[in-house]
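Topology and contacts: notes
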Amino acid sequence: IPTADLAILRESPQKFVGDKILSAALGLVIVPIGIGLLALFGLTVPFVFPVAGSLLIAMVGFFAPDADAKTRAASARLEFTRALAAFIDFVALNRSGGVAAFQSLERAAAVGDSWVFLRLDAELQKASLAGQAPWAALSNLAAELALPELGDLADIMTYTGDQGASVADTLAARAGALRSALLAKEQGEAGARTKKMDAPLGALAVLFMIMLLVPAAVNIMGV
């Protein structure tokens, strides 16, 4: 069970297992239903094909929720990381203004209204009520959601304590590095998508040349 992926998606393991079972069960009945419809039109299929097909589709259906959760969790982590860069900037601004470390985190979390800021704010509020250090709460959340970038922020706040302006510079640098990494990743993905378009465009160019040359060749041969 991908616990970190489910945690960031706010989904329970019980629901995940239920989705896997339901998806596999649907896979088992799709082929028999299709065979039954064919039988209505007088078409018969050897027994081995529906059995093998049902098992294959059921297996695919069983693992489909895993792939879906992984894809959605990757998207959620990317969104979290983008928002985290802004959150770190807010923390740095508060620290440079002389605000205490724990208050800087709480004020920064209260600025935004996206699900990322709301999640951070909820964790910090729970830590405050429990008498826990806010950076410890962030470190636990980073481990739970598999977010190393959030863990880096927790480590910075843990080891710098109340150093004020110096930690503000460190945080600002970390936010800048995080944005640069995100930009580089997006540029790499854009380049990969561009390369994927080269083959269809090349095939289209070849087809266009064939359409131009074939009539000319036919005319020449006819002459």
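Report on the accompanying structure. Numbering of residues starts from 1 in each chain and follows the order in which that chain's sequence is written. Local features in this predicted model are restricted to residues whose pLDDT is 70 or higher, and side-chain atom pairs enter the listing and the counts only when it is 80 or higher, whereas totals over whole chains, interfaces and linings include all residues. Hydrogens are left out, water is left out, and the side-chain values use all remaining heavy atoms of the structure.

**Section: the nonpolar core**
A general trend in soluble globular proteins is that nonpolar side chains are found buried together. Threshold: Side-chain atoms within 4.5 Å link the members of a nonpolar core, which is a set of buried Ala, Val, Leu, Ile, Met, Phe, Trp, Tyr and Cys residues. Summary of the burial criterion: residues with accessible area below 20% of their type's maximum are buried, those above 50% are exposed, and those between are partly exposed, where the area comes from a 1.4 Å probe applied to protein chains only. Starting at the N terminus, helices and strands are each numbered in turn, a helix being any DSSP run of H or I of at least four residues and a strand any DSSP run of E of at least two. For this analysis, residues touch if any pair of their heavy atoms sits within 4.5 Å.
F87, L120, L150, L153 and L171 are the most contacted members of the largest nonpolar core, which has 38 residues in total. Of all the elements in the fold, those that place two or more residues in this core are α1 (3–9), α3 (48–96), α4 (101–111), α5 (115–129), α6 (134–145), α7 (148–160) and α8 (165–222). Among the elements that make up this core, the one with the highest residue count is α3 (11 residues). Beyond its immediate sequence surroundings of up to four residues, L153 is in contact with L84, F87, I88, L138 and L171.

**Quick word on the layout of surface pockets**
This is how the line gets drawn: Residues are called lining when one of their atoms sits within 4 Å of a cavity or pocket point, these points coming from a 1 Å grid over the protein atoms alone, where a cavity is a set in which a 1.4 Å probe fits but cannot get out and a pocket is an open set with protein on both sides within 12 Å along at least five of seven lines. Grid points are joined across faces, edges and corners, and a volume is the space filled by probe spheres set on the points.
Estimated volume of the largest pocket: approximately 150 Å³. Together, A74, R77, L78, T81, A146, L147, P148, E149, L178, A181, L182 and K185 line the largest pocket. Elements that contribute at least two residues to the lining of the largest pocket include exactly α3, α7 and α8.

**A closer look at a nonpolar patch on the surface**
What counts is decided by this rule: Patch membership requires over 30% relative accessible area and the absence of a salt bridge. Like charges are linked within 9 Å, and nonpolar side chains (Val, Leu, Ile, Met, Phe, Trp, Tyr) within 5 Å. The protein chains shown are the only cover counted for residues, whose accessible areas, like all others here, come from Shrake-Rupley with a 1.4 Å probe. What counts as a salt bridge is simple: a side-chain nitrogen of Lys or Arg found within 4 Å of a carboxyl oxygen of Asp or Glu.
There is a patch of nonpolar side chains on the surface, built from L22, L26, L28, V29, I30, I33, V51, L55, L56, I57 and V60 and spanning about 980 Å² of accessible area. Considering every element that reaches the nonpolar patch, the biggest residue donor is helix α2 (residues 13–40), with 6 residues. Its relative accessible area of 35% is what places V51 among the partly exposed residues.

**As for the environment of R174**
Relative to the helices and strands, R174 resides in helix α8. On the basis of relative accessible area, R174 is assigned to the partly exposed category, the value being 21%. C-alpha separation for the pair R174 and D152, spaced 22 residues apart in sequence, amounts to 8.7 Å. The residues touching R174, leaving out its near neighbours within four places in the chain, are I88, E149, D152 and I156.

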